[in-house]
Amino acid sequence: MGRLNAGETIRSIAAALAIAPSCVSKWKKRLAETGALTRGRVGGRKHRTCPASGPTIAN
């Protein structure tokens, strides 16, 4: 993202990295929204949580 801060265009950054310009614009948007370039949680199922005082299963 240093290139963006230096004033380089999205298209020139994409060409230098041999990627699509849309990737660079997504990175720019993610950085502006979250302050980081890492992805959020992707896929998977949501795990249920049990209340601490809930019923227990006896064998």
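This part takes up a nonpolar patch on the surface. A cluster of nonpolar residues, Leu 17, Trp 27, Leu 31 and Leu 37, forms a patch on the protein surface that exposes about 320 Å² of accessible area. Within the element layout of this structure, Leu 17 appears in helix α2 (residues 10–17).

As a rule of thumb, non-glycine residues mostly have phi less than zero, and peptide bonds are mostly trans rather than cis. With a phi close to 55°, Ala 18 is a non-glycine residue in the positive phi region. Topologically, Ala 18 is positioned in the loop between α2 and α3 (21–34).

Moving on: the packing of α2 against α3. For any two helices packed against each other, one specifies the inter-axial angle together with the distance between the axes. Remark: α2 packs on α3, axes separated minimally by 8 Å, with the N-to-C direction vectors making an angle of 115°. As for how α2 packs across α3, the hand of that crossing is right-handed. Between α2 and α3, the contacting residues are Ile 10, Arg 11, Ile 13, Ala 14 and Leu 17 on the first element and Pro 21, Val 24, Ser 25, Trp 27 and Lys 28 on the second. For the contact of α2 with α3, the per-class residue count stands at 7 nonpolar, 1 polar and 2 charged.

Conventions used here
In every chain, residue numbers begin from 1 and rise along the written sequence. Restriction of local features to residues with pLDDT of at least 70 applies here, the model being predicted, together with a cutoff of 80 or more for giving and counting side-chain atom pairs; totals for whole chains, interfaces and linings are based on all residues. Heavy atoms from the whole structure form the basis of all side-chain values; hydrogens and water molecules are not counted. Candidate patch residues must exceed 30% relative accessible area and have no salt bridge, after which like charges are joined if within 9 Å and Val, Leu, Ile, Met, Phe, Trp or Tyr side chains if within 5 Å. Using a 1.4 Å probe, the Shrake-Rupley method yields the accessible areas, and only the shown protein chains count as cover for residues. Throughout this description, the term salt bridge denotes a Lys or Arg side-chain nitrogen within 4 Å of a carboxyl oxygen of Asp or Glu. Counting from the N terminus, the helices are DSSP H or I runs at least four residues long and the strands are E runs at least two residues long. All axes are obtained by fitting lines to C-alpha atoms, using only the stretch in contact for helices, and the reported angles, taken between N-to-C directions, cover 0 to 180 degrees. Crossing chirality is assigned from the near helix's rotation relative to the far helix, an anticlockwise turn below a right angle marking it left-handed and a clockwise turn marking it right-handed. The contact rule is simple, with two residues in contact once any of their heavy atoms fall within 4.5 Å. Residues are sorted three ways: Asp, Glu, Lys and Arg are charged, Ala, Val, Leu, Ile, Met, Phe, Trp, Tyr, Cys and Pro are nonpolar, and all the rest, Gly among them, are polar.

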